[in-house]
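Coordinate analysis (summary)
Here's the letter readout for the chains.
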Amino acid sequence: MSHNELGGNEPGELLAATDAVDTAGSTRRPDPLCLVIFGASGDLTRRKILPALSRLATRGSLPEEFTVIGVARTPLSDEEFQRRALEAADGGGSPEWKRRVARFSYVAGDNADPAMFTRLCERLSESDLKGGTAGNRLYYLATVPGQFAAVVRGLGKAGINIAGKMGGFSRLVVEKPFGTDLDSAVRLSAAIHADFDEDQIFRIDHYMGKETVQNILALRFANSVFEPIWNRRHVDHVQVMVAESLGVEGRGGFYEQAGALRDIVQNHLMQVLALTLMEPPGAAEGDVIRDEKVKLLRSVVVFDEKQAVSQVVRGQYGAGSIDGVAVPAYRDEPGVDPLSQVETYVAARVDVDNWRWAGVPIFVRTGKRLRHHQTEVRMVFQRPPHLPFAGKLARDLRRDSLTLRIQPDDGISLAFGAKVPGPTFTISNVAMDFSYSEQFPGQTVDAYDRLLLDAMVGDPMLFIRDDEVQRAWTILRPLQGAFAQGEPRLATYEAGTWGPEEADRLIGTVERHWRNSE
Ligand SMILES: NC(=O)c1ccc[n+]([C@@H]2O[C@H](COP(=O)([O-])OP(=O)(O)OC[C@H]3O[C@@H](n4cnc5c(N)ncnc54)[C@H](OP(=O)(O)O)[C@@H]3O)[C@@H](O)[C@H]2O)c1
């Protein structure tokens, strides 16, 4: 359905409005800067950072005075690093990318070695003098988490964590995981804060860079139709799902240390939950929005030991098939302990104790090897107070729901009841659909493009603040404790299904059911 059918706006009018409220359009161009990538020989750099930079270059979003310095132990010459940068871009990249890459350089060394930081300082001075980068630095921690503190300390000792003689800014981009539990998150935070102030730190959760995640804000706060019903008086319950059909994809060793709780719930799921349920912010500004997210997370009821067992389902996939292809059980994946107790699935009932959501059950779930790759938020509304079409005609009618599809096929759909044409008054469920790719073909921006640009510009809105991280770990702490004790009992589910039966029973306790697609 087009927006014309909805409201009569002409496409031009709608786009103009979209431009006006966009706080991060591609017209923004950062000040001159040098990007230093720690972990420049690694997977994230090759698969995400360099391709994002190449797209930003091609789109004209990078400043003319822009250099990149790669850092890692692997001995590479500047030319070898430049060749990797070209290979990482689609089809070798545009002429503009090639022109930019010619200014990239590389410093080989260990993060624990002060001599490496001395060489880095020399390169940075060179970049400022020859490349015109004006003392502005963006340090990107794309290295293994165990190295975060060493890099930060090295930058601090070398005195390049703060503005130098030329002035300019020093910012730090931190990749997840932000610790593995509350204690380690607090330690990591203290280590980083020893050398960087919070307003210099940009913690990435790439979900926040997704258009549809940002559209939760637009949907809720740029429209007047949704907000009046976005509360306990109208919402029956909420379902949030982050489902993956992929397994551990050869990263069994990594996943054995992570599990679904740390890998997805602590970050992506909490972020989506906070944006969906938070109060309206006073402005679309970094700290205003982050204040609201933290307030919401503070209202999430922290489980006691009993609830951590009775309101949570912990699952692991067994063998099965995805799209007709047989796939092995988690325990048979390479790098996984054959007796592993690590969860690949979590479902929980969450309660939010505030004026807006008191008494509304919020059900969240995430898992690997589920039937489809699908992330969505579903607001399920209460039934009408009185159904004049009672009995058979409306018996099977589902509650109305609004689904925010985050991936794939980003969009929004409203499901409601309509009369089936014909002589009887039969009501059936129908859906009205808005699809991003149909409405804005070819306009999707990759999450890393958006987040990298925001960090360069210094816009913190889509980055995770320290208090959000710590509150999310506080919420999960009782679950981590219970899981470590083998509670609740590990449920198994067949790969290619929607998860264990225990999860159906969990939502069944309030006589509801998961809304699953076929
Ligand atoms: N890969 C992804 O898709 C992805 C997605 C989301 C988040 N992340 C996060 O991004 C970070 C990097 O992940 P990754 O997958 O890219 O890891 P990776 O492929 O193992 O890369 C790690 C990088 O760190 C460097 N390194 C390790 N120890 C070092 C040391 N002592 N001194 C200097 N350099 C060192 C490695 O280079 P040398 O061996 O050459 O020193 C390599 O360049 C992690 O925090 C991860 O959780 C990754």
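Residues numbered from 1 in each chain as written. Predicted model: local features only at pLDDT ≥ 70, side-chain atom pairs only at ≥ 80, totals over all residues. Heavy atoms only, no water.

**Comments concerning the sheet that holds strand β13 (residues 374-381)**
Our working definition: A pair of strands is labelled paired if DSSP reports no fewer than 2 bridges between them. The secondary structure listing takes helices from DSSP runs of H or I that are at least 4 residues long and strands from runs of E that are at least 2 residues long, numbered from the N terminus. Working convention: axes come from line fits to C-alpha atoms, limited for helices to the stretch in contact. Angles between N-to-C directions cover 0 to 180 degrees. Note on contacts: a residue pair is in contact if any heavy atoms of the two residues lie within 4.5 Å.
The nine strands lie next to each other as β16-β15-β14-β13-β7-β12-β11-β8-β17, forming an open sheet whose pairing is mixed. The open sheet is flanked by β16 (427-435) and β17 (491-494), the only strands paired with a single partner. Within the sheet, the average angular offset between the axes of one strand and its neighbour, ignoring direction, is 20 degrees. One ladder, built from six bridges, connects β13 with strand β14 (residues 401-407); its direction is antiparallel. For Arg-378, the partnering residue across the bridge sits in β14 and is Thr-403. Where helix α16 (residues 501-508) meets the sheet, its contacts fall on β7 (235-243), β8 (312-318), β11 (345-350), β12 (362-367) and β17, and the angle it forms with β11 comes to roughly 5 degrees.

**Some thoughts on the pairing of β13**
A regular strand places its side chains so that they alternate between the two faces of the sheet. Threshold: Each residue gets one of three labels from its accessible area relative to the maximum for its type: buried under 20%, exposed over 50%, partly exposed in between, using a 1.4 Å probe on protein chains only.
Among the eight residues that make up β13, eight are buried, leaving the element largely enclosed by the rest of the structure. Burial along β13 is two-sided: Gln-374, Glu-376, Arg-378 and Val-380 facing one way and Thr-375, Val-377, Met-379 and Phe-381 facing the other are all buried.

**Here we look at the site of the ligand**
So the rule is basically this: We define proximity as follows: a residue is near a molecule or strand when any one of its heavy atoms falls within 4 Å of that partner. Within 3.5 Å is the distance limit for a polar contact, defined as a pair of N or O atoms, with the added protein rule that one can donate a hydrogen and the other accept it, and that residues adjacent in sequence qualify only through two side-chain atoms. Accessible surface is estimated by sampling points in the Shrake-Rupley manner with a 1.4 Å probe; for residues, cover comes only from the protein chains shown.
Not every one of the 22 residues close to the ligand is listed here, only the nearest: Asp-43, Leu-44, Arg-47, Arg-73 and Thr-74. One of the side-chain nitrogen or oxygen atoms of Arg-47 is found 2.4 Å away from an oxygen atom of the ligand. Protein contacts shield 81% of the accessible area of the ligand, which totals 880 Å² for the unbound molecule. Broken down by element, the residue count for the shell around the ligand peaks at three residues, all from helix α3 (residues 43-58).

**Examining the packing of aromatic side chains**
Heads up, the rule is: Stacked, edge-to-face and tilted are the three classes for Phe, Tyr and Trp ring pairs, Trp counted by its six-membered ring, which pair at centre distances within 6.5 Å; planes under 30 degrees apart are stacked, over 60 edge-to-face, the rest tilted. Over a ring means this: the NZ of a Lys or the CZ of an Arg is within 6 Å of the ring centre and within 35 degrees of the ring normal.
Going through the model one piece at a time under the given rule, you end up with 15 aromatic pairs. With a centroid separation of 6.3 Å and 65 degrees between ring planes, the pair formed by Tyr-317 and Tyr-493 is classed as edge-to-face. Note that Tyr-317 is positioned in strand β8 and Tyr-493 in strand β17, a separation of 176 residues in sequence. We note that Tyr-317, like Tyr-493, is buried. These aromatic residues form a ring-pair network of at least three members: Tyr-255, Tyr-317, Tyr-330, Tyr-345 and Tyr-493. Geometry around Tyr-207 places Lys-210 over its ring, the cationic atom sitting 5.3 Å from the centre. Positioned above the aromatic ring of Phe-254 is the side chain of Arg-251, whose terminal nitrogen or guanidinium carbon lies 4.2 Å from the ring centre.

**A look at unusual backbone geometry**
Following Lys-176, the chain continues into Pro-177 via a peptide bond in cis, with omega recorded as 5 degrees. Here Gln-407 and Pro-408 are connected by a cis peptide whose omega angle stands at -15 degrees. Relative to the elements of secondary structure, Pro-408 occurs in the loop between β14 and β15 (411-419). Of note in the backbone geometry, Ala-134 takes a positive phi value of approximately 60 degrees without being a glycine. Tracing the backbone shows Ala-134 in the loop between α6 (114-131) and β4 (137-141).

**Looking at the sheet that holds strand β2 (residues 66-72)**
Judged by pairing direction, the sheet is parallel, and its six strands sit side by side in the order β3-β2-β1-β4-β5-β6 without closing on themselves. Only two strands of the sheet have a single neighbouring strand rather than two, namely β3 (105-108) and β6 (201-204). Looking at each pair of strands side by side, their axes are set apart by 20 degrees on average, direction ignored.

**Points about the side chain of Asn-267**
For Asn-267, the position within the fold is in helix α10 (residues 252-277). A polar contact of 3.1 Å, which involves the side chain of Asn-267, links it to the backbone oxygen of Arg-262. Separated by 3.5 Å, the side chain of Asn-267 and the backbone oxygen of Asp-263 make a polar contact. The residues touching Asn-267, leaving out its near neighbours within four places in the chain, are Lys-176, Asp-205 and Arg-262.

**Description of the nonpolar core**
Definition in use: Buried Ala, Val, Leu, Ile, Met, Phe, Trp, Tyr and Cys residues form a nonpolar core when they are joined through side-chain atoms within 4.5 Å. All the domain ranges listed were derived from an automatic or database domain assignment.
Ranked by internal contacts, the top residues of the largest apolar core, which has 142 residues, are Phe-38, Leu-53, Leu-120 and Leu-155. For this core, the two domains that each supply at least three residues are domain 1 (31-175) and domain 2 (208-380 + 459-508). Setting aside residues no more than four positions away along its own chain, Leu-155 makes contact with Phe-38, Phe-117, Leu-120, Tyr-139, Ile-160, Asn-161, Leu-172 and Phe-196.

**Focus: α16**
Operational definition: Note that the arc is computed from the directions linking the helix axis to the C-beta atoms.
Within α16 the residues assigned to the buried category are Ala-503, Leu-506 and Ile-507. In a view along the axis of α16, the buried residues occupy a sector of 90 degrees, so they form one face of it. Opposite the buried face of α16, at more than 90 degrees from it, the exposed residues are Glu-501 and Arg-505. Turning to α16, the residues buried within the fold contact β7, α12 (305-310), β8, β11 and β12.

Geometric descriptors of this kind do not, in isolation, establish any biological role.
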